[in-house]
Amino acid sequence: MKWLLDLLLSIPGRFVPFLSWLPNLTNVTTLKADVIAGATVAMVLVPQSMAYASLAGLPAYYGLYASFLPPMVAALFGSSRQLATGPVAMVSLMTATALEPLATANPDGFILYALTLAVMVGVMQLSLGLLKLGVLVDLLSHPVVVGFTNAGAIIIATSQLNKIFGVGKSSVGADGEALHHYEVVGNIVQSAVESIHWPTFYMAVIAFVLLLGLKKFLPKFPNVLVAVVATTMLAAFTNYSGIGGQVVGFVPEGLPSLVVPTFDKEILMQLGMTALIISLVGFMEAIAVAKAMAARTRQRLDANQELVGQGLSNIVSGFTSGYPVSGSFSRSAVNIDAGAVTGFSSIVTGLLVGVSLLFLTPLLFHLPQATLAAVIMLAVAGLIKVRPIIDAWRAEPHDAIVAVVTFALTLYIAPHIEYGIMVGVVLSLVLFVFRTMRPRVAEVSRFKDGTMRDVIVHPELQLSDKISIIRFDNSIYFANASYFEDKVLEVMAKYQDLKFIILDAQGVNMIDSTGDEVLHHVTERLRENGIELLVAHPKKQFMDSLRGTRVLDYLGPEHVFARMQYALDYAWDSLGDEYDRSNCPLRRR
């Protein structure tokens, strides 16, 4: 029960982490740096959040709602001092794909479903954080994330093509069935060839030129903000909306109101799996960038505390007309590069978004949707990375297979991208088990430097006909226990005069009940053939298991040795004068 007591005692502390950095604000230099950093992030966040809300299938101003209170809550209750929380591309895409089937049945409930999803994601993250289960995010292996992120980036970019070309977009076929994403993109391209809206396309080109040009030649300029302001003014002065150009349109003035999401049982069941995946994917994105910044600033990062912060920010987002949020790579980089020292920079960012909602919304009416599409496409371009897949193939081909399968499947089944990541996780676990089913088993002998080396790698090494040493380079558990038995018996059959087999257990981290049973059986088989099994270099976990199942009693405590030399001494002493230990190949020279 001690773990439960520790958990209960730790909960109050998880809701006051901001007390660790709040005193730093008495330093004028720190306060000034945070204010400047917060203002810099806000200039990027305002247009970017509107773009991501459009990606999520929501009115653009819902991105501002999700950028008001959530960044402040995440900063107050998370452990990272520079993490910038708010709408992000991947979570926005997953929100859209999760809500699209529900919206088909009830278009009026789309926004309410988005709020519900945010609360569900928040509750899951908060629960994981309070229960200290942040380790679950490790189920999303690097190859799965790489494959999913690459596919997601392509899906996000291509989903904006209709806004670039100014053509319609339909996710439903003539028969009323939902189309795959690649079919939707094909229809968009066909429509663009037949009836492209040139003013929209020209506006998109201008946005791309400004975004790319400023990034290359004036990198210190807020290129997103400049592109948004310039194209908005151009749209207003040229009557862009009057000639068919799509703009953001009316944005309600004022702060978001308190809204109670719908908690219909059927809706919760349908969104449950997606909410869990968004919880893990969103947190993985947040913790990845938080770790990078913590290494840079040498601050302590608590993954479970970060889950609490992200969870609370999503809950608040759901109750204040927002949608699921997460930590942003790009905005966090802007935040730390601008000099942010504490979480107060995110407080400043949220307050400036609030000011924008109160006083600047009329200026957003003429903001072209083509500009938002350009912002999204360039933001996700950096997520497409082939190099990690190549490196994975060189390191472990199985990992590359997982990445490629996750990538291809996610692209193919989109918009149901959650299944791509689920299959990737299952495949990575299956391949992991497959690899551990046939671990490396080496018969070793004494090398010239005194170490024990694999005789397959070093065929010049001599072997003893009385004593054999085998090294098992993995834990012994249900999936490979029979393989371990086969290898030991194979060695037994190989040498007719064999008297001792020494198991070098330094690579065995643990042994489960199946492994214990097999070890018992192997010991029994060897004894029937006049061979003793000795164990050298066992770890504590290995020994604890043997003691717990009483296998140690059968094996004999005198047959277990802390060092290989002790095991060899025992074997040589037992062989006595019938064996010339001075010329044994296993002897140190």
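Before reading on, note that the structure itself is shown above.
Summarised in this report is the structure supplied together with it. Keep in mind the model is a prediction, meaning the values are calculated, not measured.

Here we look at the packing of aromatic side chains
Alright, step 1. Enumeration according to the criterion identifies 13 aromatic pairs in this entry.
Alright, step 2. Aromatic side chains Tyr62 and Tyr65 sit 5.3 Å apart centroid to centroid with 70 degrees between the ring planes, which places their arrangement in the edge-to-face category. Taken together, the residues Tyr62 and Tyr65, both in helix H3 (residues 61–65) and three residues apart, mark about one turn of the helix. We note that Tyr62, like Tyr65, is buried.
Alright, step 3. Ring centres 5.2 Å apart and planes at 85 degrees place the aromatic pair Phe472 and Phe484 in the edge-to-face group. Linking Phe472 in strand S5 (residues 467–472) with Phe484 in helix H20 (residues 481–494), this pair joins segments that are twelve residues apart in sequence.
Alright, step 4. Chaining the aromatic ring pairs together yields one cluster made of Phe165, Trp198, Phe201 and Tyr202.
Alright, step 5. Over the ring of Phe447 we find Arg453; its NZ or CZ atom is 4.3 Å from the centre of that ring.
Alright, step 6. Looking at Arg527, its charged tip hangs above the ring of Tyr554, at a distance of 4.6 Å from the centre.

Re the packing of helix H6 (residues 110–130) against helix H12 (residues 265–297)
Alright, step 1. Contact geometry of H6 with H12 gives a least axis separation of 8 Å together with a crossing angle of 55 degrees. Judged by the angle between their axes, H6 and H12 are oblique. The element H6 and its partner H12 pack so that their crossing is right-handed. Taken together, the residues of H12 that come into contact with H6 (itself represented by Tyr113, Thr116, Leu117, Met120, Val121, Met124, Gln125 and Leu128) are Ile267, Leu268, Leu271, Gly272, Ala275, Leu276, Ile278, Ser279, Leu280 and Phe283.
Alright, step 2. Taken together, the residues that form the contact of H6 with H12 break down as 14 nonpolar, four polar and no charged.

Details of the nonpolar core
Alright, step 1. In terms of nonpolar packing, the biggest core is built from 96 residues, with Met50, Met94, Leu99, Leu117, Leu271, Val281 and Tyr323 touching the most fellow members.
Alright, step 2. Here this core gets ten residues from one element, more than from any other, and that element is H12.
Alright, step 3. Setting aside residues no more than four positions away along its own chain, Val281 makes contact with Met90, Met94, Leu140, Phe148 and Ile421.
Alright, step 4. If you look at the next biggest cluster of nonpolar residues, it comprises 31 residues, including Tyr483, Ile511, Leu526 and Leu552.

Focus on the packing of helix H17 (residues 387–395) against helix H18 (residues 397–413)
Alright, step 1. Across the interface, H17 lies against H18 with an axial gap of 5 Å and an inter-helix angle of 145 degrees. On the side of H17, the interface is formed by Ile389, Ala392, Trp393 and Ala395, while H18 contributes Pro397, Asp399, Ala400, Ile401, Ala403 and Val404.
Alright, step 2. Counted by class, the contact of H17 with H18 contains nine nonpolar, no polar and one charged residues.

Thresholds applied
Residues numbered from 1 in each chain as written. Predicted model: local features only at pLDDT ≥ 70, side-chain atom pairs only at ≥ 80, totals over all residues. Heavy atoms only, no water. Phe/Tyr/Trp six-rings, centres within 6.5 Å; stacked < 30°, edge-to-face > 60°. Helix = DSSP H or I, 4+ residues; strand = E, 2+ residues; numbered from the N terminus. Buried < 20%, exposed > 50% of the residue type's maximum accessible area, 1.4 Å probe, protein only. Lys NZ or Arg CZ within 6 Å of the ring centre and 35° of its normal. Axes fitted to C-alpha atoms, helices over the stretch in contact; angles between N-to-C directions. Parallel < 35°, antiparallel > 145°, perpendicular 65-115°, else oblique. Left-handed = near helix turned anticlockwise from the far one by under 90°. Contact = heavy atoms within 4.5 Å. Nonpolar A, V, L, I, M, F, W, Y, C, P; charged D, E, K, R; others polar. Core = buried A, V, L, I, M, F, W, Y, C linked by side-chain atoms within 4.5 Å.

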